[in-house]
Amino acid sequence: MIGAGVIGSSVALELARSGYDVVAVDKGPGAGTGSTSASSAIIRFSYSTRDAIITSWEAARRWENWEQHLGVADPDGLVRYIPTGNLIFRTTGYDGAAMLELWDEIGIPHEVLGPAELRDRFPWLDPGKFYPPKRIDDPAFGDDATEELTAIYTEQGGFIDDPTLAARNLAHAARHHGAEFRFRSEVVGIERSADAVTGVRLSSGEVIEAPVVVNVGGPHSSGINRLAGVTDDMAISHRALRQEVFAAPAPTGATLEDGTPLVADLDVGQYFRPQPGGMFLIGGTEPECDELHWVDDPDSNSEYPTGEVWETYMMRMARRVPEFGVPSQPTGLSALYDASDDWVPIYDRSSLHGFFMACGTSGNQFKNAPLAGQYLREIVDATMSGHDHDADPVKFRGAFTGRDVDLGAFSRRREPAVTSGTVMG
Ligand SMILES: Cc1cc2nc3c(=O)[nH]c(=O)nc-3n(C[C@H](O)[C@H](O)[C@H](O)COP(=O)(O)OP(=O)(O)OC[C@H]3O[C@@H](n4cnc5c(N)ncnc54)[C@H](O)[C@@H]3O)c2cc1C
């Protein structure tokens, strides 16, 4: 295993459960200290494809029954799933109609709220339509709303209170099943015979022999795939994309305790959720007007946010939440998504026998980590027993929904999926 973030630790747990002698190697100081530590840790079901929606719906049951999922108590304590509900504005290019059909089929309860209901239930929100999202130096930024929006609301969804602890919980459970974690150990080479992986080489020169290697390197994973020489047959590429997330005080009546939902707002290009302590956590949804900052060397990314992005997000928040008081100083962070071409992750084998990947998590897979581990376990078990997952993709039956997820949906060789083209997936 290369990487012990929330996905890597989950894969380690499931492979250990499956009887593998797991060694998880991470160059960081502990589990979940990579991009996982910056995650907004939102749990939602608003994806574009059937397989993605079932995945998130199934995964949520594991977060709700976390100790049962882990199978062991962690002396460091367990993460908590904080339910908030989810409000999703419908705007030009995003009416959610196809998603709602899938929600009906799968049984995800929801309602559609008109502007009057929105005002009644969330009086701190302005339901105005400001589309398209704009830069703040656009003279049209302050224009009045053209009409009013409707929104999809579900009581389902929320967030996990501590994303790093989630990875540590998974790593603890993996250790319970015999997995070994080695931190401050960097993989610099992939060892191979003519046609199969044989292990990894560390910067210390040590070689760890292994017939199975899983690349779960987060924003570093595209570089690791290049190192392994497995990009030749990948139809989907993935690379590191800089993000900034901020915390700011929520206005009166809009705190977690007031029942504030997490809000997806492609109309202004933001998402936000309540944060304990009377705060909002605020991130962006890659609107067309914002330049995307791709990062070639993930180690070069500054963890400090910029004044420019902060100002933009704060001004956009003030459009949607008129009582929002823009703080005098930024409080936030910068971290990297490992964004794939279609914003769908890659959970798959590779062209090199024994080398697997769980990457391209596109800023939207924290919530699916418990299932990502189980998906990799199915794919690794099947492949190492001689099954051709490329020709005949493994199906995963959800224990909660009883529905099948076609793991070919996460193939490196798929046609790009039709999605929102944003972090919403
Ligand atoms: C700002 C931000 C907000 C997000 N918000 C949400 C959200 O609200 N909801 C949601 O579902 N998802 C969200 N995500 C996405 C989610 O957090 C990620 O998909 C997930 O955390 C990725 O986990 P990972 O284990 O794959 O990667 P990481 O946590 O990045 O772990 C990769 C690990 O690999 C290690 N590594 C890399 N290279 C090497 C090497 N050569 N040798 C050894 N170790 C190596 C690193 O040290 C790191 O610990 C967000 C992501 C970001 C960045």
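You'll find the structure just up there.
Now for a description of the structure that goes with this document. Just so we're clear, the structure is a prediction, and the values are computed from it rather than from any experiment.

Definitions and limits used
- Residues numbered from 1 in each chain as written.
- Predicted model: local features only at pLDDT ≥ 70, side-chain atom pairs only at ≥ 80, totals over all residues.
- Heavy atoms only, no water.
- Core = buried A, V, L, I, M, F, W, Y, C linked by side-chain atoms within 4.5 Å.
- Buried < 20%, exposed > 50% of the residue type's maximum accessible area, 1.4 Å probe, protein only.
- Helix = DSSP H or I, 4+ residues; strand = E, 2+ residues; numbered from the N terminus.
- Contact = heavy atoms within 4.5 Å.
- Near = heavy atom within 4 Å.
- Polar contact = N/O pair within 3.5 Å; in protein donor to acceptor, adjacent residues only side chain to side chain.
- Areas by Shrake-Rupley, 256 points an atom, 1.4 Å probe, with all protein chains shown as cover.
- Salt bridge = Lys/Arg side-chain N within 4 Å of Asp/Glu carboxyl O.
- Pairing = 2+ DSSP bridges.
- Axes fitted to C-alpha atoms, helices over the stretch in contact; angles between N-to-C directions.

## As for the nonpolar core
Logical step 1: If you look at the biggest cluster of nonpolar residues, it comprises 71 residues, and the most contacted ones within it are M1, V6, I7, W63, W103 and V214.
Logical step 2: Sorting the residues of this core by element identifies α1 (6-17), α2 (50-64), α3 (66-70), α4 (97-106), α6 (163-176), β20 (355-359) and α9 (369-384) as the ones contributing at least two each.
Logical step 3: Among the elements that make up this core, the one with the highest residue count is α9 (eight residues).
Logical step 4: Discounting chain neighbours no more than four positions away, the residues touching M1 are G8, V11, A12, L15, V22, V23, A24, V25, V214 and V216.
Logical step 5: Counting residues in each nonpolar core, the second largest holds 24 residues, with A151, Y153, A254 and M314 among its members.

## Let's talk about the side chain of T164
Logical step 1: Positionally, T164 belongs in helix α6.
Logical step 2: Setting aside residues no more than four positions away along its own chain, T164 makes contact with A31, G32, T36 and S37.

## Some remarks on the site of the ligand
Logical step 1: Not every one of the 38 residues close to the ligand is listed here, only the nearest: D26, S35, T36, I42 and K367.
Logical step 2: Separating an oxygen atom of the ligand from a backbone N or O atom of I42 is a distance of 2.8 Å.
Logical step 3: Contacts to the ligand include Q365, whose backbone N or O atom sits 3.4 Å from a nitrogen atom.
Logical step 4: In isolation the ligand offers 1,000 Å² of accessible surface; the protein chains occlude 96% of this area.
Logical step 5: For the shell around the ligand, the secondary structure elements donating two or more residues are α1 and β18 (332-340).

## Brief notes about the pattern of salt bridges
Logical step 1: As enumerated under the stated definition, the model contains 28 salt bridges in all.
Logical step 2: For R403, the salt bridge identified is with E105, shortest N-O distance 3.5 Å. Placement of R403 in the loop between β21 (395-397) and β22 (404-406) and of E105 in helix α4 is noted, with a sequence separation of 298 residues between them.
Logical step 3: On the accessibility criterion, E105 (37% relative accessible area) is partly exposed.
Logical step 4: A salt bridge links R135 to D137; the shortest N-O distance between them is 3.0 Å.
Logical step 5: With a relative accessible area of 54%, D137 lands in the exposed category.
Logical step 6: Because the salt bridges share partners, they merge into one network encompassing D233, D348, R349, D388, D390, R412 and R413.

## Digging into the sheet that holds strand β3 (residues 81-83)
Logical step 1: Strands sit in the order β2-β7-β3 across an open sheet of three strands; the sheet is antiparallel. In this open sheet, the two strands that pair with only one neighbour each are β2 (42-43) and β3.
Logical step 2: The strands touched by α2 within the sheet are β2, β3 and β7 (158-160), with β3 carrying the most contacts at an inclination of about 115 degrees.

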